[in-house]
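Okay, here's what each chain looks like letter by letter:
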Amino acid sequence: MSLLAFIGFIIIHVSLVLIVHFQNNIRDIVLGSDRANFWLALGIAIAASGGQSG
Ligand code: HEM
């Protein structure tokens, strides 16, 4: 049950990160600044994830 709760938390938490201020969050996660280039950050994020969700 606690593992399911944690998985549920991660799904909601990461969904909110991707829904609210998507561009700033991708820049912050990948390049460490929300003033970095969005397309560079998005390209690195897609390459690092293999273009998939997993
Ligand atoms: C006890 C568990 C956790 C708490 C209390 C927590 C809390 C937070 C908070 C407060 C932020 C905003 C930070 C900021 O804007 O500076 C954040 C961002 C984030 N969290 Fe969590 N988090 C937890 C676990 C996780 C887990 C397990 C994952 C993924 C597997 C995750 C993924 C992220 C991501 C991707 C961001 C966005 C970071 C960014 O924009 O730079 N978090 N979390």
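Residues numbered from 1 in each chain as written. Predicted model: local features only at pLDDT ≥ 70, side-chain atom pairs only at ≥ 80, totals over all residues.

J.: Please explain the overall build of the protein as it appears in this structure.
T.: Along the backbone of the protein there are three helices and zero strands. From first element to last, N terminus to C terminus, the protein shows the α and β order α-α-α. Against the compact-globule benchmark of 10 Å for 54 residues, the protein has a radius of gyration of 13 Å, which places it well outside the compact range. Along the first, second and third principal axes, the C-alpha set of the protein runs to 40 × 20 × 15 Å. (Helix = DSSP H or I, 4+ residues; strand = E, 2+ residues; numbered from the N terminus. Rg over C-alpha atoms; globule rule 2.2 N^0.38 Å.)

J.: Explain the site of the ligand here, please?
T.: As a matter of local geometry, the ligand sits amid Ile-10, His-13, Val-14, Val-17, Asn-25, Asp-28 and Ile-29. Those elements giving two or more residues to the shell around the ligand turn out to be helix H1 (2-19) and helix H2 (22-31). Per-element tally for the shell around the ligand: the top contributor is H1, with four residues. (Near = placed C-beta within 6 Å.)

J.: Sorry, what's going on with the UniProt feature "transmembrane region" (unreviewed entry) in the protein here?
T.: Residues annotated in UniProt with the feature "transmembrane region" (unreviewed entry) correspond here to residues 6-24. Taken end to end, residues 6-24 comprises 89% helix and 0% strand; its first and last C-alpha atoms sit 25 Å apart. (UniProt positions renumbered as here; feature names shortened; annotations may be inferred.)

J.: Honestly, the environment of Val-20 in this entry has me stumped. Any pointers?
T.: Inspection of the secondary structure puts Val-20 in the loop between H1 and H2. The exposure class of Val-20 is exposed, given the 9 C-beta atoms found within 10 Å. Sequence-wise, Val-20 and Arg-35 are 15 residues apart; in three dimensions their C-alpha atoms are separated by 16 Å. (Buried ≥ 20, exposed ≤ 12 C-beta atoms within 10 Å, placed from the backbone.)

J.: I tried to follow unusual backbone geometry on my own but got confused; where do I start?
T.: Phi is mostly negative for residues that are not glycine, and the peptide bonds are mostly trans. At His-21, a residue that is not glycine, the phi angle is positive and equals roughly 55 degrees. Take His-21: it is sitting in the loop between H1 and H2. In this structure His-21 comes out as partly exposed when scored by C-beta crowding, with 13 C-beta atoms within 10 Å.

J.: Looking at this model, I keep getting lost on the packing of H2 against helix H3 (residues 38-48). Mind explaining?
T.: Helix-helix packing is described using two parameters, namely the angle between the two axes and the distance between the axes. At their nearest, the axes of H2 and H3 sit 9 Å apart, and the two run at 65 degrees to each other. Here H2 lies roughly perpendicular to H3, going by the angle between them. Crossing of H2 against H3: the hand is left-handed. Residues Gln-23, Ile-26, Arg-27, Val-30 and Leu-31 of H2 form the contact with H3, whose own contacting residues are Phe-38, Ala-41, Leu-42, Ile-44 and Ala-45. (Axes fitted to C-alpha atoms, helices over the stretch in contact; angles between N-to-C directions. Parallel < 35°, antiparallel > 145°, perpendicular 65-115°, else oblique. Left-handed = near helix turned anticlockwise from the far one by under 90°. Contact = placed C-beta atoms within 7 Å.)

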